Amino acid sequence: MSALLEVSGVTKSFDGFKAIDNLSLSVNEPELRAIIGPNGAGKTTFMDLVTGKTRPDSGTIRYGELSRDLTAMSEAQIARAGIGRKFQKPTVFEDQTVLENLTMALAAPRNPLNVLLRRPDRSARAAAVAEEVGLEKDLNKRAGILSHGQKQWLEIGMLLAQEPRLLLVDEPAAGMTTAERERTTAMLVEAAKTRAVVVIEHDMEFVRRLKCRVTVLHEGRSLAEGSLDHVCADPRVIDVYLGRPEEADA
Amino acid sequence: MSVESLDIAPRARRPLAARTDVIAMMLGLATLTVCVTLLAQMGLVSVSFVKLLGKTLCLCLAALALDLVWGFTGILSLGHFAFFGIGGYAIGMWLMWDRTEAIVAASLAQSTLPPTPFEIREAIGTQIFGVVGTSEIPWLWAYAGSLPLQLAFAVLVPGLIAGIFGWLAFRSRVAGVYLSILTQAGTLALSLWLFQNDSGLRGNNGLSGLQNIPGLTDVPQSVISIWFLWASAIALALSYLGASWTVSGRFGSVLRGIRDNEARVRFLGYEVEHYKLAVFTGTAMLCGLAGALYYPQAGIVNPAEIAPIASIYLVVWVAIGGRGRLYGAVIGAAVVSLASSWFTGGGAPDIELGFYTIKWTDWWLVLLGLSFVLVTLYAPKGLGGLVDIYTHKRARRREDLGPDQGSLRGEEEQP
């Protein structure tokens, strides 16, 4: 195991508010990691920073064997380097079929000329991914008519199709039924066997099922790290999750 | 379900030759050109009507280009008609120059001494630019005597302008309404510059006499109009094929993805800016080609043609026809521009209300504006949506909808 993602001393503030405050974190390959924390802990900002949507004020984010600096790369370059991102709200292309969504995501050259001129039939590869996420019967359906859970799976499928080395998943279980949650857990655990998967979640039950190392984020800092039981026993974590008594009194 | 047995044949994956809209468009264009040619030979349609149809096909081509950039990629350009105008200017320069050269050479040949090349140039300059009070030949006209170069310019100059503009705008992530305003401002600046006498393109006079093709002075307009009709139809047909091919497959998926959620496409690893730039530039060139075919049929190009309102008309046509589908743009441009000629050309009878007479020449724009508003509010799919009403009903009976398979079919079968 070696560190695939190395976040060191990263700070990002919005109008004076420190969303991420001197955060350091490293993720190995393969690894399944959960990042938990209350609202406003900086979970989504952390993802934005890694995927290039926002730039840190200071600190470095290094990735891969070459230790490439992600802060100097565009979103598309970061994605091509092997970092996939799943958004909190399912964001699939509703106007297009499941097959089209998956085909767009499949690992393949992405420059316009190549995409326009070279058109090998990749439908079998797309269908294989659809099978992994249980959408093999819905290939020709418009993504817009899928159920909420199916859309989440389609998005996970799109991520798998990208063949990323690092997968960032934002609240995958939000709005899912119990059965859908179980299936999602299985997908993530399976995916994490061969790559790094970082799951951002504030549903403790879901995190418990992942049975993985947990990082607790609070006010933009890493509060505790370890197994779920370990961090849950940490008094600081209890403080954050149950509220500070002195503040509650005030 | 095994991967091999997959029956993957959604509309977009079918080969072009098997797609209904492509077949219909090709057959429609072929029928139109052949019928009009025959009718014209029998003397049943006028030259001006043939030219009107030819021009309409060029407008359809421009609308097709705008649909690619707006309907598919989501870039609302309010400047694509400027590229159309530039194409017209580029070809117009050669038409004017070559014809003037022939006339000047013929008249100078009468004199006792054979004219020097310098004298011929001087005379051409006086002839073309006398109207703006100069006889100097502007640098823009350096290659006006060469048809191949001017033809290339008709396509390359719009491409270059769109390329530079797009590179600057997309690179800075200017999008949405801001981009639309920028394109409109650029278009306005271009037309204001052209209105000036010292722009080198004859100011508000524009270029005229373009219907007279040099070297074909003996061929009557009735024949030339048919040639241009065919050329316009072939250009539209080939562009339609090209556009259908472009928007099919993964490239089309990426374009529609950019339209619907640009950020998501970026996170899939596609350089959104490169795609936007490619489409913006390519469609600008297509508009240049359409303009180069249009203005020899119209006979005159002037800066008013490039004014922002023209580009807005183009948007209205695509919106009424139904953006996001290629045939929608073609139908919209054809229907609205033909209706426009009918209403403004005195074809529509005035409506006598007793106290007021509705003259369509005045009221057509109100009618057009109203239809635009109504289409935007109540029928965003435009005229193309009419096709859906037919095909969806058919498709729904075959499709399983939702988890209760076939429930809709059961419902429909109930008396």
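Owing to the predicted nature of the structure, the values given are computational and were not obtained by experimental measurement.

1. Here we look at the domain arrangement of chain A
Residue and element names in this part refer to chain A.
Next up, step 1: Along its sequence, chain A is carved into domain 1 (2–82 + 165–249) and domain 2 (94–163).
Next up, step 2: The C-alpha-based centres of domain 1 and domain 2 are spaced at 26 Å.
Next up, step 3: In this assembly, 16 residues from domain 1 lie in contact with 14 residues from domain 2.
Next up, step 4: At the boundary of domain 1 with domain 2, total buried surface from both sides reaches about 1100 Å², with 67% on carbon and sulfur atoms.
Next up, step 5: Among the residues of domain 1 in contact with domain 2, Glu180, Arg183 and Met187 are the three that bury the most area, contributing 38% of the side total.

2. Some details on the pattern of salt bridges
Next up, step 1: For the structure on display, the rule yields 31 salt bridges over all chains.
Next up, step 2: Glu190(A) serves as the salt-bridge partner of Lys193(A), at 3.3 Å between the closest nitrogen and oxygen.
Next up, step 3: Accessibility expressed as a relative area gives 47% for Glu190(A), which makes it partly exposed.
Next up, step 4: For Arg259(B), the salt bridge identified is with Asp260(B), shortest N-O distance 3.0 Å.
Next up, step 5: By relative accessible area, which is 26% here, Arg259(B) ends up partly exposed.

3. Considering the pairing of strand S8 (residues 196–200) of chain A
All names here are of chain A.
Next up, step 1: Taking burial as the measure, the five residues of S8 include five buried ones, the bulk of the element.
Next up, step 2: Every second residue of S8 is oriented toward a common face, with Ala196, Val198 and Ile200 on one face and Val197 and Val199 on the other, all of them buried.
Next up, step 3: Relative to S8, strand S3 (residues 31–36) runs parallel, the two sharing five bridges. Within S8, the residue paired with arginine 33 across the bridge is valine 198.
Next up, step 4: Where strand S7 (residues 166–170) meets S8, five bridges bridge the pair, whose relative direction is parallel. Within S8, the residue paired with leucine 167 across the bridge is valine 197.
Next up, step 5: For the crossover that starts at S7, traverses helix H7 (residues 178–191) and ends in the parallel S8, the hand is right-handed.

4. Digging into the interface of chain B and chain A
Next up, step 1: Opposite the 34 residues of chain B that make contact, chain A presents 41 residues.
Next up, step 2: For the pairing of chain B and chain A, the buried interface totals around 3400 Å² over both sides, and the portion due to carbon and sulfur atoms is 59%.
Next up, step 3: When the area that chain B buries against chain A is broken down by residue, the three leading residues are Arg250(B), Arg264(B) and Phe267(B), summing to 25%.
Next up, step 4: Inspection of the region where chain B meets chain A yields five salt bridges.
Next up, step 5: Put simply, Arg259(B) and Asp95(A) hold a salt bridge, and the shortest N to O gap is 3.0 Å.
Next up, step 6: Seen at the junction of chain B and chain A, the total is 15 residue pairs in polar contact (both at pLDDT 80 or more).
Next up, step 7: For the side of chain B that touches chain A, a count of residues per class yields 15 nonpolar, eight polar and eleven charged.

Procedures and definitions
Residues numbered from 1 in each chain as written. Chains lettered and ligands numbered in written order. Predicted model: local features only at pLDDT ≥ 70, side-chain atom pairs only at ≥ 80, totals over all residues. Heavy atoms only, no water. Domains from an automatic or database assignment. Contact = heavy atoms within 4.5 Å. Buried area = accessible area lost by both parts, 1.4 Å probe. Salt bridge = Lys/Arg side-chain N within 4 Å of Asp/Glu carboxyl O. Buried < 20%, exposed > 50% of the residue type's maximum accessible area, 1.4 Å probe, protein only. Helix = DSSP H or I, 4+ residues; strand = E, 2+ residues; numbered from the N terminus. Pairing = 2+ DSSP bridges. Right-handed = clockwise from strand over helix to strand, strands pointing away. Polar contact = N/O pair within 3.5 Å; in protein donor to acceptor, adjacent residues only side chain to side chain. Nonpolar A, V, L, I, M, F, W, Y, C, P; charged D, E, K, R; others polar.

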